[in-house]
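# Geometric and topological summary
So you can see what is in the structure, the chains are spelled out below.
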Amino acid sequence: MGAGVVKSGGGGGGRRRRRGGARSQPMAEINVTPMVDVMLVLLIIFMVAAPLLTVGVPVELPKTAASSLPSEAEEPLAVTITAEGVVMIQTTEVPMDELINRLRAIAVERADDRIFLRADGAVPYQTVAQVMGALNRGGFSSIGLVTDSGGPAMDGADGG
């Protein structure tokens, strides 16, 4: 207890001496090692996370001999029909009775009327045709069917 009283009385003078001493001078050098460590960790995190952000709805696309379309500046709008017959705009599930209204709302905001239709190979043609009709009524006149390459060329040559 008594040491605490003495320390607090003498501590003020000790603090003054420390402020004027060499220990309290500002550091003129910047240590960049922690900054480099943090940047390398962030780089690794972004390298691992970036491929995960581009994953869409998993479907088994049919294989054809068609070549791919050239890419554009605007992100293409994709409508997907899963093997179970579920219709999705990008990654959002949409009931069939709301599809045309949602597509009209999207078409108003987009400059391009191109849309890509991804349908699982197990989906009946009738379902694909109905969705294509809904895409057209929704304001998209340029419909591209998405397939995987490596399918039959239909000219007698082997596609794979």
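Attention in this report is confined to the structure presented alongside it. (Residues numbered from 1 in each chain as written. Predicted model: local features only at pLDDT ≥ 70, side-chain atom pairs only at ≥ 80, totals over all residues. Heavy atoms only, no water.)

Moving on to the overall build of the chain. Of regular secondary structure, the chain possesses four helices and seven strands. Secondary structure elements in the chain, listed N-terminal to C-terminal, are α-α-β-β-β-β-α-β-α-β-β. Expressed as a percentage of its 160 residues, the buried residues of the chain come to 21%. Restricting the contact set of the chain to residue pairs at least 6 apart, pairs at least 24 apart contribute 69%. On the chain, roughly 12,000 Å² of surface is accessible, and the fraction owed to carbon and sulfur atoms is 59%. (Helix = DSSP H or I, 4+ residues; strand = E, 2+ residues; numbered from the N terminus. Buried < 20%, exposed > 50% of the residue type's maximum accessible area, 1.4 Å probe, protein only. Contact = heavy atoms within 4.5 Å. Areas by Shrake-Rupley, 256 points an atom, 1.4 Å probe, with all protein chains shown as cover.)

This paragraph deals with the pairing of strand β6 (residues 142-146). Where strand β5 (residues 114-119) meets β6, five bridges bridge the pair, whose relative direction is parallel. Opposite Arg118, over in β6, you have Val146 as the bridge partner. With respect to chirality, the unit in which β5 leads through helix α4 (residues 125-137) into the neighbouring parallel β6 is right-handed. (Pairing = 2+ DSSP bridges. Right-handed = clockwise from strand over helix to strand, strands pointing away.)

The backbone of Gln90 sits at a positive phi, close to 55°, despite the residue not being glycine. Residue position: Gln90 is located in the loop between β3 (87-89) and β4 (92-93).

Ranked by internal contacts, the top residues of the largest apolar core, which has 18 residues, are Val79, Ile81, Leu99, Leu103 and Val131. If you list the elements that add at least two residues to this core, you get β2 (77-81), β3, α3 (99-109), β5 and α4. For this core, the leading source of residues is α4, giving four residues. (Core = buried A, V, L, I, M, F, W, Y, C linked by side-chain atoms within 4.5 Å.)

Our next topic: the packing of α3 against α4. Their axes nearest at 8 Å, the elements α3 and α4 cross at an angle of 40°. Taken together, α3 and α4 sit at an angle that is classed as oblique. Crossing angle aside, the handedness with which α3 passes α4 is right-handed. Where α3 approaches α4, its residues Leu99, Ile100, Leu103 and Arg104 are matched on the opposing element by Val131, Ala134, Leu135 and Arg137. Across the contact of α3 with α4, the residue classes tally to six nonpolar, no polar and two charged. (Axes fitted to C-alpha atoms, helices over the stretch in contact; angles between N-to-C directions. Parallel < 35°, antiparallel > 145°, perpendicular 65-115°, else oblique. Left-handed = near helix turned anticlockwise from the far one by under 90°. Nonpolar A, V, L, I, M, F, W, Y, C, P; charged D, E, K, R; others polar.)

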